[in-house]
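# Observations on the model geometry
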Amino acid sequence: MTKYRVNKTKYIDQTKTVSFNFDGKSYHGFEGDTLASALLSNGVHLVGRSFKYHRPRGIVSSGCEEPNAICQINEDTDLTEPNVRATEIELYEGLKASSQNCWPSVNFDIGGINNFISPFIPAGFYYKTFMWPKSFWKKIYEPLIRMSAGLGKSPTKPDPELYDHKHVHCDVLIIGGGISGIIASKIAAKNNLKTMLIEDKNVLGGSTIFQKNENYKINNKYSSEWIEEEIAELKKLDNLTIKTRTSLAAYHSYNYLLAKENISDHLPLDKKNGGIRHRLWKIRADKVIVATGAIERPLVFNNNDRPGIMLSNSVKKYLDFYGVSCGFNNAIFTNNDSAYETAVSLKEKGISVKLIDIRKKSNSKIVKNAENLGVKIYWNSTVVNTFGHRKINSIEIMNLSEDGSNVVGDKSRINCDCLAVSGGWTPMVHLHTQSGGKLDFREIDQTFIPNEIDKNHINVGSCNGDFELEDIIKNTNNKIKNFLKVSESDFDSCSVIDSKEFDKRNIWLLPNYISEGKCKSFIDFQNDSTAKDIKLALREGFKSIEHVKRYTTTGMATDQGKLSNMHALGIIADTAGVKMGTLGTTTFRPPFTPLTFGAIVGRSVGKFFDVIRKTSIHEWHIQNGAKFENVGQWKRPWYYPINNETLHDAVQRESKAARDSAGILDASTLGKIDIQGTDASEFLNRVYTNAWSKLGIGKCRYGLMLNEDGMVYDDGVTTRLGENHYLMTTTTGGAANVLSKLEDYLQTEWPELDVYLTSVTDHYSTASICGPNSKKILTKIFPDKDFNDDAFPHMSYQNAKINGINCRIMRISFTGELSYEINIDSKYGMSLWEKCIEAGKEFKITPYGTETMHLLRAEKGFIIVGQDTDGTMTPIDLQMDWIVSKKKYDFIGKRSLYRSDTIREDRKQLVGLLTDDPNEVLEEGAQIVSDINKKPIEMIGHVTSSYFSPNLNKSIALAVVKGGKKMNGQKLIVPMENKNINVTVSNFIFLDKENKRINA
Amino acid sequence: MFLINCPYCGERDQSEFSCGGEAHIVRPKQPTELSDDQWAEYLFMRKNIKGVQFERWNHVHGCRKWFNMVRDTSNDKIHAIYKMGEKPPVE
Ligand SMILES: [Zn+2]
């Protein structure tokens, strides 16, 4: 046992030694310790340097509010983690931690120089100073600030750990396993409600679990003993789930909450076993009870940041829970009674302690208790200075004036090796406000407390402003019974003894004989902002708390101002002479404590990041060496390289084969919507720009769909299968959106239409065979069918059978070639495909991918919605006037086609581009200009599609150019990084303008 | 993340739904009769209220049905949900 481990407690197993390493030095602690308690048991207080001035800093607290003891864990492993609070990480064998903000070492560091030049680093210093010269920012200021800021290192390797998400519904969720959370859980669970209790520590009971004092008794037992029995009973209840090591991250509306359960962070590296590290609980609760407790406030006085200055209740927790004394000659500086519990506890263990109280008196039982034990109390006094470099060694105190605005009399010096500080308590209202709750200001102890209106959410215990033991028990019991509308409770007849506090005094910034400008009275320890900074911000004209916060960076560190926000508000109110309640608070945003990215994404990583859709022919593509491209969630064959062909070579070969003999494309991914109903034709009339009523059964037609603003939205071929039955195809990427849009119109604008839409994209597989030999191939597959142009003309469809399986053959073409598409039930997609390949062998049928498909259609000047259009192109812009019906009274987008904006002649319009050098291929997306000498250069359009066409033996491109319709033959320039490419505007149909090939 | 009581399916998580903007904007029956300004009023103008707003919602990852909702955009309280074609509740 080290000399600071003075006490044996239930929560530390002193038979189990745990060795760990901090800043390169080996230490020992015990099972049950946190890193902080283990360091303190070794007498280590100094754990880091402050952010701006690099002042030595020590452990302040014992919980999530810790501003100073911020560590990098397990550096040099792929599990390394920055910003870990030493007060929260449970000690395990082999833990390696290093203080984060102290390059090159915690005991000597270069940034310490800032401490001496600190008069020159006031609030907003960074904003003011590093503004100029501009060139200095990137090379000098930023690297300097970053290096000395030391905000930890993120891991560089992929995270090897697993993370999990779990959804849960419950009747009642209780957040916080302290005394009021335990009372609430027991009442809820015993009344047959499905209850869940979450607690961020590994032990239930909050601060009551180590409260063993004559003045605090429940049913005649010490409160710690009473709560231990309650916890034991609680664990036996069936309909209560208790989750410890689980911290609430966010409280969203409608009682939807996120909580992170830590499953393996407290285990040694070799015992994690590749299991789950964190589990994110997604909880939907009928009722939520917030019992998150309160955080002790520090006091703001000169040099209040030395190592060894700690929160009073944390000193008590280290002593009574961990068995560690933070000092042997303690001073306690307080404005309230709670610090006297710490004093009594120290004194009872024979440890020296003195009290400095800013109040003039207090006659409560706990104060009497301390006095009777012989604790020296300095009433009406304040600490004006502290001394000691790496750890506090003494303090200077003075008396306060009557109104507390000044100090009077002589200074006296008191030696101490630990100064425990208590400035009262701040209810943790973060979750209440996250959920949308408002706050009221309570003058008597200067606290913001929840203002409750939500019938499905309440706050109980000290997070609701109840700080006295009796109030906590009685009020929690009554509130929970009302809230849950139950009558059953074990706590109705609890007898409680406690020490009531009657005397209160609060001074946000304690006065000093030293002038304000020379005092270092810290408010935000982590961001190093002082009372002086706040006052400077006010003098410089900042008024809103949100602005002062950002200007001084108060409350903006990783602790989110848990210890500093109230003091900042108080000092602003006092300085500006306004009531604190009128200032409002800054916004509390989730997460309450930092959350790992792993917990947020859960299992949605790697191949589970997004859904992958594959056609039934996918395996064949893989076996035949296809390279794939992502189209939405689909994997589509991009090209099929043979013998290490490049993309270019493969596409040249594939597209030549498709025009010279036969090509085959897996077109299964095109969206397919089955449309049925007596008004199906009328419906198509309304959603497409062209007319549909006269389309014969068995015929196909190309349709263009607009948005209501007149811009092209989607296109595809629709086939009339029967009198009241159509099959619509959409683009691969647009399928889901088209279906949604059509449903929207059907349900909300035209409910009178008798039309039913069904997505059948996945139901059918499609093999598309094109080329002059495609008819011969089809004849081989369907020997009974007549494929003569008269019997089976272009833009028609017929039913057929392969080995008794029904299929549909559409004679449609997206390449300009003679072309057939065979649709078959997806189950048979692969066998259909293989049959086509077999039948096509003698014609050297060539599978081609999306790249060749794009090239073939570009040769014919067919657009691809989404490539040649971008949501700003009307059919008129695309020179597709032919497909816009003049006769139809209305269709979606019609009215917009003659708005003043859409009839402008200088809109971007679709054109063809030919490069003067036929071998020069333009880059898609490249800008187009007409006059390169006029400055600034006006960009009049851009290239949308560009290829080298093997069939035309030259480069071709589609582009959209302002006023392009009238520019045929005009010379334009495509400026690139190192050259200007000369191009000529041409017709955008490059091949077979007469449409002869579809009947070849 | 609110809970939405789909009139066809019951209470479901918000993630199953998508919002389709302001409700009760009827597509003009005779668009061709409208001036540019009148058409623009239908096409582009939306109120975007801070407070109680009438909205269209779609149970997109569920029954795919559209319905209307009265929601306070300042606190996400849902005051009413009713089917398409039904009269909005009077405020
Ligand atoms: Zn539904």
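All residue numbers here refer to positions counted from 1 along the written sequence of the relevant chain. Chains and ligands are labelled by the order in which they are written, letters from A for the one and numbers from 1 for the other. Owing to the predicted nature of the model, reporting of local features is limited to residues with pLDDT of at least 70; listing and counting of side-chain atom pairs is limited to 80 or more, with chain, interface and lining totals taken over all residues. Excluded from the side-chain calculation are hydrogens and water; included are all heavy atoms of the structure.

## Focus on the overall build of chain A
Summing up its helical and strand segments, chain A has 23 helices and 50 strands in all. Our radius of gyration is a C-alpha quantity, and the globule rule it is checked against amounts to 2.2 Å times the number of residues to the power 0.38. For 1000 residues, the compact-globule estimate of 2.2 N^0.38 gives 30 Å, and the C-alpha radius of gyration of chain A, at 38 Å, exceeds that figure by more than 25%. With the C-alpha coordinates aligned to their principal axes, the bounding extent of chain A is approximately 115 × 70 × 55 Å. Considering only contacts within chain A whose residues lie at least 6 apart along the sequence, 66% involve residues at least 24 apart. Computed with the Shrake-Rupley method and a 1.4 Å probe, the accessible areas treat only the protein chains shown as cover for residues. A total of about 41,500 Å² of accessible surface is found on chain A, and carbon and sulfur atoms cover 52% of it. Charge-centre separation for chain A: the mean point of 127 positive side chains lies 2 Å from the mean point of 120 negative side chains. Strands here are runs of E lasting at least two residues and helices are runs of H or I lasting at least four, both read from the DSSP assignment and numbered beginning at the N terminus. Residue contacts are counted whenever heavy atoms from the two residues lie within 4.5 Å of one another. His is not counted, nor are the chain ends; Lys and Arg add positive charge and Asp and Glu add negative charge. Lys charges are placed at NZ, Arg charges at CZ, Asp charges at CG and Glu charges at CD.

## Focus on helix 13 (residues 545–552) of chain A
All names here are of chain A. Residues of helix 13 that are buried include every one of Ile545, Val548, Lys549, Tyr551 and Thr552, and no others. One side-chain oxygen of the residue at the start of helix 13 lies 3.0 Å from the amide nitrogen of Glu546, identifying that residue as Ser544. Positive backbone phi, approximately 60°, marks Thr553, located one or two places after helix 13. Each residue is assigned to one of three classes by its accessible area relative to the maximum for its type, calculated with a 1.4 Å probe on protein chains only: buried under 20%, partly exposed between the two thresholds, exposed over 50%. Side-chain atoms alone can form a polar contact between residues adjacent in sequence; in general such a contact is a pair of N or O atoms within 3.5 Å, and within protein one must be able to donate a hydrogen while the other accepts it.

## Let's talk about the coordination of the zinc ion
Residues and elements named next belong to chain B. Here a donor is any nitrogen, oxygen or sulfur atom (N, O, S) within 2.8 Å of the metal, with 3.2 Å used for Na, K and Ca; water is not among the atoms considered, so some sites may look incomplete. In the first shell of the zinc ion, the protein supplies Cys6 (SG), Cys9 (SG), His59 (ND1) and Cys63 (SG), at 2.0 to 2.3 Å from the metal. Think of it this way: with four donors and all angles in the 85 to 135 degree range, the site is tetrahedral; with four or six donors, opposite ones beyond 155 degrees and the rest between 65 and 115, it is square planar or octahedral; otherwise it is irregular. Around the zinc ion, the four donor atoms are arranged such that angles at the metal cover 105 to 114°; this shape is classified as tetrahedral. On the primary sequence, the residues serving as donors to the zinc ion are separated as C-x2-C-x49-H-x3-C. Of this pair, Cys9 sits in the loop between strand 1 (3–6) and strand 2 (10–13) while Cys63 sits in the loop between strand 4 (52–58) and strand 5 (66–72), and the two are 54 residues apart along the sequence. Taking the relative accessible area as the measure of exposure, Cys9 reaches 27% and is therefore partly exposed. What makes Cys63 partly exposed here is its relative accessible area of 28%.

## With respect to the pattern of salt bridges
All names here are of chain A. When a carboxyl oxygen of Asp or Glu is within 4 Å of a side-chain nitrogen of Lys or Arg, the pair counts as a salt bridge. Under the defined criterion, the tally for this structure stands at 70 salt bridges over all chains. The shortest N-O distance in the salt bridge between Lys775 and Asp789 comes to 2.7 Å. A residue pair is termed long-range when its members are at least 10 positions apart, and Lys775 in helix 21 (residues 774–781) and Asp789 in the loop between helix 21 and strand 41 (796–802) qualify at 14 residues. For Asp789, a relative accessible area of 25% gives the class partly exposed.

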